[in-house]
Amino acid sequence: MYSEVTQDVIYFLEQSLLDDWHLDDYASQIGYSKYHLSRIFKQETGLTISEYIRKRRLATAAMYLLHSDESIIHIAFKLHFQSQEAFTRSFKELLYNMPPGKYRKQMRTLQGMEEKNMNDFEAIKGWILSGYHPAFYEMKTDGQVFHTGTKSGLLTSKTDAGEEHFGTMMQSFSANNWKGKRIKVSCFLKTEEVEKCGVWCRVDNASSDVIQFDNMDNRPIHGTTDWNYYSIVLDVPKESASIHFGILLTGTGKVWVDGFKFEEADLSVASTNMLTQDKLPLEPINLGFDED
């Protein structure tokens, strides 16, 4: 399964962001040729392995700038940029639209204002908290843990959440722009001591009947995991009216999410729909009830 290969690659990338590894090193660790890894990774994530490493190193640099007093040149060399100039150019042009020094000053000022004035549990634009007893869960943005950019979404349980409870950070939108297409929903997740969690997506018709659904229940995430890539592939039939998606946390734990992406998938990409029925026989059988 391609996503398993991609997840193996990302696991090793995340473990070695501060190491001076090369594509051959990852290939030998995972057991595939570097050409196969490169092709599958690009097909699955839309990024080359080099682009992924560069973006994650820049995001790690942003965290160092915000939460440490290390010098810019030390951060640059720590993340394997050849010079402070090369680091500054990549930081500004590829991800953050400003040089590292300005980013450190402005973001620390903004972060201080947010910590002073913001209620951690106020609404996040576009997202709602739902589930079974959602009062046992909290959602907020996290400016200290993120995959890329400056923040991630965090869904966390309260101490009294039991195994029978679940919470979800979710959105809903019209299916009009996706009717007749196969969609791929992907994101990056990081977890801490979760009993069970995953990404989910659902397609409903105008009567609110569920016609496509996947919540990763057959491949859930448990325990503590570093950032990795997860995806769901569903069809959006012509009768579809709405699409709903988010992250699901059952029981206790914390799950961070970043970089949700919706894209049209080719029909050669297998659907993960969990509502598929067993194949029906072509003709009725045992009509006289005489067969054992």
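Residues numbered from 1 in each chain as written. Predicted model: local features only at pLDDT ≥ 70, side-chain atom pairs only at ≥ 80, totals over all residues. Heavy atoms only, no water.

J.: Is there a simple way to think about the overall build of the protein in this case?
T.: When its secondary structure is counted, the protein shows 7 helices and 9 strands. Projected onto its principal axes, the C-alpha coordinates of the protein cover approximately 85 × 50 × 35 Å. Out of the 292 residues belonging to the protein, those deemed buried represent 42%. Contacts spanning at least 24 positions in sequence make up 74% of the contacts within the protein whose residues lie at least 6 apart. When the accessible area of the protein is evaluated, it comes to approximately 16000 Å², of which 50% is carbon and sulfur surface. With 31 positive and 41 negative side-chain charges, the protein shows a separation of 11 Å between the mean positions of the two kinds. (Helix = DSSP H or I, 4+ residues; strand = E, 2+ residues; numbered from the N terminus. Buried < 20%, exposed > 50% of the residue type's maximum accessible area, 1.4 Å probe, protein only. Contact = heavy atoms within 4.5 Å. Areas by Shrake-Rupley, 256 points an atom, 1.4 Å probe, with all protein chains shown as cover. Lys, Arg positive; Asp, Glu negative; His and termini not counted. Charge placed at Lys NZ, Arg CZ, Asp CG, Glu CD.)

J.: Honestly, helix α4 (residues 49-67) in this entry has me stumped. Any pointers?
T.: Since there are 3.6 residues in each turn of an α-helix, residues three or four apart along the chain are aligned in direction. Counted at 1.5 Å a residue, the expected span for α4 with its 19 residues is 27 Å, and the 27 Å between its end C-alpha atoms agrees. For α4, the buried fraction is high: 14 of the 19 residues fall into the buried class. (Expected span 1.5 Å × (residues − 1).)

J.: For this particular structure, what's the right way to read the packing of aromatic side chains?
T.: Each pair of aromatic rings is reported with the distance of its centres and the angle of its planes. Under the definition given, this model contains 17 aromatic pairs. Linked through ring pairs, Trp127, Phe173, Trp178, Phe245, Phe260 and Phe262 together constitute an aromatic cluster. The ring of Trp178 carries Lys181 above its face, with NZ or CZ at 5.8 Å from the centroid. (Phe/Tyr/Trp six-rings, centres within 6.5 Å; stacked < 30°, edge-to-face > 60°. Lys NZ or Arg CZ within 6 Å of the ring centre and 35° of its normal.)

J.: Mind showing me how you'd approach empty space enclosed by the protein here?
T.: If you roll a probe as big as a water molecule over the atoms, it shows you where there is empty space left. Under the definition given, this model contains 1 cavity of 30 Å³ or more. Approximately 50 Å³ is the volume found for the largest cavity. Together, Lys196, Cys197, Gly198, Asn215, Asp217, Pro220, Leu248, Leu249 and Thr250 line the largest cavity. Secondary-structure elements contributing two or more residues to the lining of the largest cavity are β5 (181-205) and β8 (240-250). Per-class residue counts for the lining of the largest cavity are 4 nonpolar, 3 polar and 2 charged. (1 Å grid on protein atoms, 1.4 Å probe; cavity = no way out; pocket = protein on both sides within 12 Å on 5 of 7 lines; lining within 4 Å. Points joined across faces, edges and corners; volume = space filled by probe spheres on them. Nonpolar A, V, L, I, M, F, W, Y, C, P; charged D, E, K, R; others polar.)

J.: Just to check I follow, could you spell out the side chain of Asp214 for this structure?
T.: With respect to the element layout, Asp214 can be found in strand β6 (residues 210-214). Accessibility expressed as a relative area gives 0% for Asp214, which makes it buried. Within polar-contact distance, the side chain of Asp214 engages the side chain of Thr272 at 2.7 Å. Not counting residues within four places of it along the chain, the set of residues in contact with Asp214 comprises Val199, Trp200, Cys201, Arg219, Ile232, Leu234, Thr272 and Met274. (Polar contact = N/O pair within 3.5 Å; in protein donor to acceptor, adjacent residues only side chain to side chain.)

J.: Would you mind going over the nonpolar core with me for this structure?
T.: Nonpolar side chains in soluble globular proteins tend to end up buried together. Judged by nonpolar contacts, the single largest core of 30 residues is most densely connected at Leu155, Leu189 and Ile243. For this core, the elements supplying multiple residues, two or more each, are β2 (137-142), β5, β7 (221-236), β8 and β9 (254-264). Examining the composition of this core, we find that 9 residues originate from one element, β5, more than from any other. With residues near it in sequence (within four places) discarded, Leu155 still touches Leu129, Tyr137, Glu138, Met139, Gly167, Thr168, Met169, Ile247, Leu249, Gly253, Lys254 and Val255. Core analysis: the second largest hydrophobic core is formed by 21 residues, Tyr26, Tyr52, Ile53 and Trp256 among them. (Core = buried A, V, L, I, M, F, W, Y, C linked by side-chain atoms within 4.5 Å.)

J.: Sorry, what's going on with the pattern of salt bridges here?
T.: Any two side chains of opposite charge can pair, on the condition that their charged atoms come close. Tallied over the full model, the rule gives 11 salt bridges. For the salt bridge of Glu14 with Arg56, the shortest nitrogen-to-oxygen distance reads 2.7 Å. With Glu14 in helix α1 (residues 2-15) and Arg56 in helix α4, the pair connects residues that are 42 residues apart, well separated along the chain. Exposure class is identical for Glu14 and Arg56. Each is buried. Between Asp226 and Lys190 there is a salt bridge whose closest N-O contact spans 3.5 Å. Of this pair, Asp226 sits in strand β7 while Lys190 sits in strand β5, and the two are 36 residues apart along the sequence. When its relative accessible area of 28% is taken as the criterion, Asp226 is described as partly exposed. Taking the relative accessible area as the measure of exposure, Lys190 reaches 22% and is therefore partly exposed. (Salt bridge = Lys/Arg side-chain N within 4 Å of Asp/Glu carboxyl O.)

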